Amino acid sequence: MLIGALIGLAMAAVLGVGFYQGSPRLNLATFFRWTGVALIFIAAGLLSSAVHELIEIGVITFGTQPAFDLSGVLPHAAESGNLIGQFLRAIFGYSATPEVTTFVVWLTYVVVVLYLFLRPMKPVAAAPATGSATA
């Protein structure tokens, strides 16, 4: 346990130094835009997982039939041995057989939030300075 914590601390230090050294060469606007997009997909996965759990306990009773089945191509179950499906499930909440409601909630969230996040913004003009600091 202590070894794992020390390895994690060392990795964080190396990443911190690397980010600090590389940030002058890195376009931070692009970096944070792509990081934001990744976070949107992670949040969509969390939301769809929550909806799936509500379906499991019977709170949501409509749209509980599977929307599609990708388990033959990209299964998410651990017993399938497919590491890509397991990774997508762990990070993004992927399911090879999502319920209709779960998929609609995921897709709606991704479309709406990506539009709001990626829409072009008008530049905000800086307020003109009024008076002097000594007045």
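Here is a short report on the structure shown in this document. Please read these numbers as outputs of a predicted model, since none were measured by experiment.

Thresholds applied
One numbering rule holds for all chains: residues counted from 1, following each sequence as written. With the structure being a predicted model, the display of local features is reserved for residues of pLDDT at least 70 and the display and counting of side-chain atom pairs for 80 or more, all residues being used for whole-chain, interface and lining totals. Remark: hydrogens and water are excluded; side-chain values derive from all non-hydrogen atoms of the structure. A pair of Phe, Tyr and Trp rings is counted when the ring centres sit within 6.5 Å of each other, with Trp represented by its six-membered ring. The angle between the planes then sorts it: under 30 degrees is stacked, over 60 is edge-to-face, the rest tilted. Starting at the N terminus, helices and strands are each numbered in turn, a helix being any DSSP run of H or I of at least four residues and a strand any DSSP run of E of at least two. When accessible area is computed with a 1.4 Å probe and restricted to protein chains, residues below 20% of their type maximum are described as buried, those above 50% as exposed, and intermediate ones as partly exposed.

1. Description of the packing of aromatic side chains
Scanning the entire structure with this criterion turns up 4 aromatic pairs. With centroids separated by 6.1 Å and ring planes inclined at 50°, the aromatic side chains of F41 and W106 adopt a geometry described as tilted. Here W106 lies in helix α4 (residues 100–118) and F41 lies in helix α2 (residues 28–56), a separation of 65 residues in the sequence. A relative accessible area of 27% places F41 in the partly exposed class. Between F103 and W106, the aromatic rings sit 6.1 Å apart at their centres with planes inclined by 20°, giving stacked as the arrangement. Highlighted residues: F103 and W106, both in helix α4, separated by 3 residues, approximately one helical turn.

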